[in-house]
Amino acid sequence: LAGKVCGATHPRLIRRASGPVRGAMLDSPTSFHVLPMHAASREVLALPDADRRAVVASMVKHAGADGFARDSLTAVAPMAWHEEAVVVLVMLVWLGGPLIWAFGGLATLVFGGWGARAFVVLGSLALALHPMPGADFGRWLGGTRFTLWLYKYFSYRFVWCDDDMDVARESRAWIGAGPPHGVLPFANVLSIPAINTFGFRAFRGAPASVVFRTPFLRYLTLFPCVGVDRTSIIRATDAGTCVGIVPDGVAGIFRMHAAPRGEFVALRSKKGLARLALRTGTPILPAYSFGNTQVLSCWYDSFGILEAVSRRLQASLFVYWGRWGLPIPRRAQITMVFGRVIDVPRVDAPTDAQIDELHERILSEMRCHFDRHKAALGWGDRELHFV
């Protein structure tokens, strides 16, 4: 798989007067690299950037053109019992809070007295609308022991080939696209502090707008985020800040049960990213989030009713669970693999053909990186399907 060529099954160029889409990875990689964020210490995070760069470089493990051996990147990060207990309790608040508040609140509204109903309504408004700390708090949070414990809990790591990390650091601000969503895209959430701290790029996540107002779940946005709308994303990239999205979004949740040994990603007809990138000339960083679909299980009806309602409300309606049958994520390993930045030219009025070509390029890159790294990550028997 190390020799699988990204981009070899589709045209390399999007023709236009000002030039082609660049960044194609037409050659087999000559080196593979993994950066285990869970192996860092609190002292590393406190170092000045120049000193931290040297330490981070020493943390990276390397392999030659044959890549990492099968199942060699599957070790679970060790962590102390108190570290795991803190993460479990916080996750119970972040993920259990919305379920408990929603079902408890609904029962109170139906069966409770007027005083209890008023408490639920006022409490919901307070939890949804109270002020949140700004970006400075998010940067501080990314350097705390708690964030390191999150890395340990999920054995979090980045994997890439050749000099793709250096290119991502030096490129113009890009939009990172890393499916699948799963119940909650933990790989993408953790990438916010990880890219800022270990990737040395200003980076923000872009969750669905409903996340910013969902009681308890909105505390995930304590890590720096922007809205997922076009205006917010382009404002950030124009200011030199990279932005990460989960391109399959709500639809991705309702594809988790498509096959027990495969990954089904709802991206085949979702071309908004390609259209936005072309209209604004914003580079794209193709990625894939291994493990997002493993940390939590979910139930939704087989008739598509919850999916249809969720799409209309732009809010995910389903039941989820993890460890001990509770809304606590399992200690599944989570890895973000990424490729070379795709340099996209600006096209004020892109044609359908140009949009289709870039869209296929993005999907092809995602598939390539999935196939290229899956064996080392313990996913060798799984296939990726775009639906």
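This is a predicted model, so every value here is computed, not measured.

Notes on the pattern of salt bridges
- Counting across every chain of the model gives 14 salt bridges.
- Where Lys152 meets Glu83, a salt bridge forms, and the shortest distance between an N and an O atom there is 3.4 Å. Taken as a pair, Lys152 in helix H6 (residues 145–153) and Glu83 in helix H3 (residues 81–111) lie far apart in primary sequence, 69 residues in all.
- On the basis of relative accessibility, which here comes to 10%, the residue Glu83 falls in the buried class.
- For Asp356, the salt bridge identified is with Lys271, shortest N-O distance 2.7 Å. Of the two residues, Asp356 is situated in helix H13 (residues 352–373) and Lys271 in the loop between strand S7 (262–265) and helix H11 (272–280); the sequence distance between them amounts to 85 residues.
- Assessed through its relative accessible area of 32%, Asp356 is described here as partly exposed.
- Sharing partners across several salt bridges, the network here consists of Asp163, Asp164 and Arg340.

Observations regarding the packing of aromatic side chains
- Throughout the structure, instances matching the rule amount to 18 aromatic pairs.
- Aromatic side chains Tyr156 and Phe158 sit 5.7 Å apart centroid to centroid with 70° between the ring planes, which places their arrangement in the edge-to-face category. The pair Tyr156 / Phe158 is uniform in exposure class, with both members buried.
- Counting every residue linked through ring pairs, the aromatic cluster contains Tyr151, Tyr156, Phe158, Trp160, Phe198 and Phe338.
- Above the ring of Tyr153, the side-chain terminus of Arg331 is found at 5.7 Å from the ring centroid.
- The ring of Trp379 has Arg382 sitting right over it, with the charged end atom 4.5 Å from the ring centre.

A short note on the pairing of strand S12 (residues 383–386)
- The two faces of S12 differ: Leu384 and Phe386 on one face are buried, but Glu383 and His385 on the other face are not.
- Across 4 bridges, S7 lies against S12 in parallel orientation. Bridged to Phe264 within S12 is His385.

Looking at empty space enclosed by the protein
- Scanning all chains against the criterion turns up 1 cavity of 30 Å³ or more.
- By volume, the largest cavity amounts to about 40 Å³.
- Lining the largest cavity are Met91, Trp94, Leu150, Phe154, Phe186, Val189, Leu190, Leu220 and Phe223.
- For the lining of the largest cavity, the elements supplying multiple residues, two or more each, are H3 and helix H8 (186–198).
- Per element, the largest residue contribution to the lining of the largest cavity is 3 residues, and it comes from H8.
- Each residue belonging to the lining of the largest cavity can be placed in one class, and the counts come to 9 nonpolar, no polar and no charged.

So, the confidence of the model for the protein chain
- Residues at a pLDDT of 70 or more form 91% of the protein chain, whose mean pLDDT is 89.
- Low pLDDT (under 50) marks residues 1–5, which in the prediction has 20 contacts with non-local residues, meaning those over four places away or in another chain.
- Between residues 7–26, whose pLDDT stays under 50, and residues either more than four places distant or in other chains, the model counts 58 contacts.

Rules and cut-offs
Residues numbered from 1 in each chain as written. Predicted model: local features only at pLDDT ≥ 70, side-chain atom pairs only at ≥ 80, totals over all residues. Heavy atoms only, no water. Salt bridge = Lys/Arg side-chain N within 4 Å of Asp/Glu carboxyl O. Helix = DSSP H or I, 4+ residues; strand = E, 2+ residues; numbered from the N terminus. Buried < 20%, exposed > 50% of the residue type's maximum accessible area, 1.4 Å probe, protein only. Phe/Tyr/Trp six-rings, centres within 6.5 Å; stacked < 30°, edge-to-face > 60°. Lys NZ or Arg CZ within 6 Å of the ring centre and 35° of its normal. Pairing = 2+ DSSP bridges. 1 Å grid on protein atoms, 1.4 Å probe; cavity = no way out; pocket = protein on both sides within 12 Å on 5 of 7 lines; lining within 4 Å. Points joined across faces, edges and corners; volume = space filled by probe spheres on them. Nonpolar A, V, L, I, M, F, W, Y, C, P; charged D, E, K, R; others polar. pLDDT = per-residue confidence, 0-100. Contact = heavy atoms within 4.5 Å.

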